[in-house]
Amino acid sequence: MKPIPESSPFRKPVYLDYAATTPVAPEVADAMMGCLTLSGNFANPASRSHVYGWQAEEAVEEARGQVAALIHADPREIVWTSGATEANNLALKGAAARYREAHTEGGHIVVSAIEHKAVLDPAQWLEQQGFQVTRLQPDQYGRVHGSALRDALRDDTFLVSIMHVNNELGTVNDIAGLGAICRAHACLFHVDAAQSAGKLGLDVQQQSVDLLSLSAHKMYGPKGIGALYVRRDPAVKIAAQIHGGGHERGYRSGTLATHQCVGMGKAADLAREQLSEEPVRIATLRDQLWQGIADLPGISLNGHPEARACGHLNVAFAGCDGEMLLLSLRDLAVSTGSACNSASIAPSYVLKAIGLADDLAHASVRFSLGRYTTADEIAFAAEHIRQVVKQLQKQ
Ligand SMILES: *Cc1c(COP(=O)(O)O)cnc(C)c1O
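Here the structure is a predicted model, which is why all the values come from computation and not from measurement. (Residues numbered from 1 in each chain as written. Predicted model: local features only at pLDDT ≥ 70, side-chain atom pairs only at ≥ 80, totals over all residues. Heavy atoms only, no water.)

1. Considerations on the packing of helix 2 (residues 51–70) against helix 7 (residues 258–273)
It is the contact of helix 2 with helix 7, at a shortest axis distance of 8 Å, that shows an interaxial angle of 35°. Helix 2 and helix 7 meet at a crossing whose hand is left-handed. Residues Ala 56, Ala 59, Val 60, Ala 63, Gln 66, Val 67, Ala 69 and Leu 70 of helix 2 pack against Thr 258, Cys 261, Val 262, Met 264, Gly 265, Lys 266, Ala 268, Asp 269, Ala 271 and Arg 272 of helix 7. Split by residue class, the contact of helix 2 with helix 7 holds 12 nonpolar, 3 polar and 3 charged. (Axes fitted to C-alpha atoms, helices over the stretch in contact; angles between N-to-C directions. Helix = DSSP H or I, 4+ residues; strand = E, 2+ residues; numbered from the N terminus. Left-handed = near helix turned anticlockwise from the far one by under 90°. Contact = heavy atoms within 4.5 Å. Nonpolar A, V, L, I, M, F, W, Y, C, P; charged D, E, K, R; others polar.)

Right under this line is the structure:
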């Protein structure tokens, strides 16, 4: 353990990195704990010959229903995966493989240029396999416009993949509008909803979504589980990417992790119950943080001022050195760029895509709030940021 920072009244840095991952809700941990030991619901959900297996299967199916309810889907449309990365891979590669079965050439995919790497990298891989990929540029706030999508669509476009909420900016896309365009063009519409589940309403019918990726650990569930929604009516055909045993109706083989499924189900249930209050409370705290620092010289907001998910506050501190900034903000646990890229020091491709110069991208910090963020923590964070920025700008 590193020494505890001196100026924080809390025992540890204030956690403001909920967009990277969330802690597991205690209710979720309790539910998971009941699915591990001999006295619990530990069996293989695919075991058909005894009551242990039946009970595990029942728990997994209840959880499937809870996840389906969060997005207004049928439980049979939910495929368990190891997370949103796998769900995105299954959606893109699975749809592409099906296209290739029916067509010897062509095949065009549209994504946004600021998708998570878990969409961009599979898209790039498919490009190497002979598919064509268009990467839509977002506007200065990180939004993808319907007009840009319409212009990009071709006769051989079979898949469009656009995220609901951008993980770095929090900017919200008009999924229903984009979905309607895809529906009219008769191409599949995939949505990476890892950052929006539990924060914004998701309705796969109303939003004309065909494939949708979820991740438990972004909504107070455990890491290592997610789901892909696959529309049944009209039926969306995707090819399995993991073979062996034919679990999940052949879409994704592998023994289901009962505790993980139950954890994600419980997390989805809590998210649905709290959907009308929690985002409002978190957005209020987020706005308080912004109001507490917005008058600092050189400060500006990255992302859309209004169309933004409740917990996100991405801020550029002009005139501050990015690395110094992160080092000095040691009483806060935050991200520069997105957590997935923090191993490299290249400026965030998302911030560059919305027009930030390299130095301003480097001097940007993502604060992200969540369920357990308190008003005291936000008051402390604002004061801490003020002190650090004034100190750095003096130099
Ligand atoms: C976190 C995240 C992912 C990856 O999800 P995992 O479950 O960690 O694989 C994908 N897309 C977005 C938008 C994310 O925020």
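2. Concerning the domain arrangement of the chain
Looking at the assigned domains, one finds that the chain contains domain 1 (14–24 + 276–394) and domain 2 (26–274). Placing the centre of domain 1 and that of domain 2 at their C-alpha centroids yields a distance of 28 Å. Listed by partner, the interface residues are 35 residues for domain 1 and 38 residues for domain 2. Between domain 1 and domain 2 lies a buried interface of about 3,000 Å² when both sides are counted; carbon and sulfur atoms form 55% of it. Interface area lost by domain 1 to domain 2 is led by Val 24, Tyr 349 and Arg 371, which between them contribute 22%. For the interface between domain 1 and domain 2, the tally reads 0 salt bridges. Across the domain 1-domain 2 interface, the total number found is 19 residue pairs in polar contact (both at pLDDT 80 or more). In terms of residues, the side of domain 1 that touches domain 2 owes the most to one element, helix 10 (residues 349–353), which gives 4 residues. In the side of domain 1 that touches domain 2, the residues fall into 17 nonpolar, 13 polar and 5 charged. (Domains from an automatic or database assignment. Buried area = accessible area lost by both parts, 1.4 Å probe. Salt bridge = Lys/Arg side-chain N within 4 Å of Asp/Glu carboxyl O. Polar contact = N/O pair within 3.5 Å; in protein donor to acceptor, adjacent residues only side chain to side chain.)

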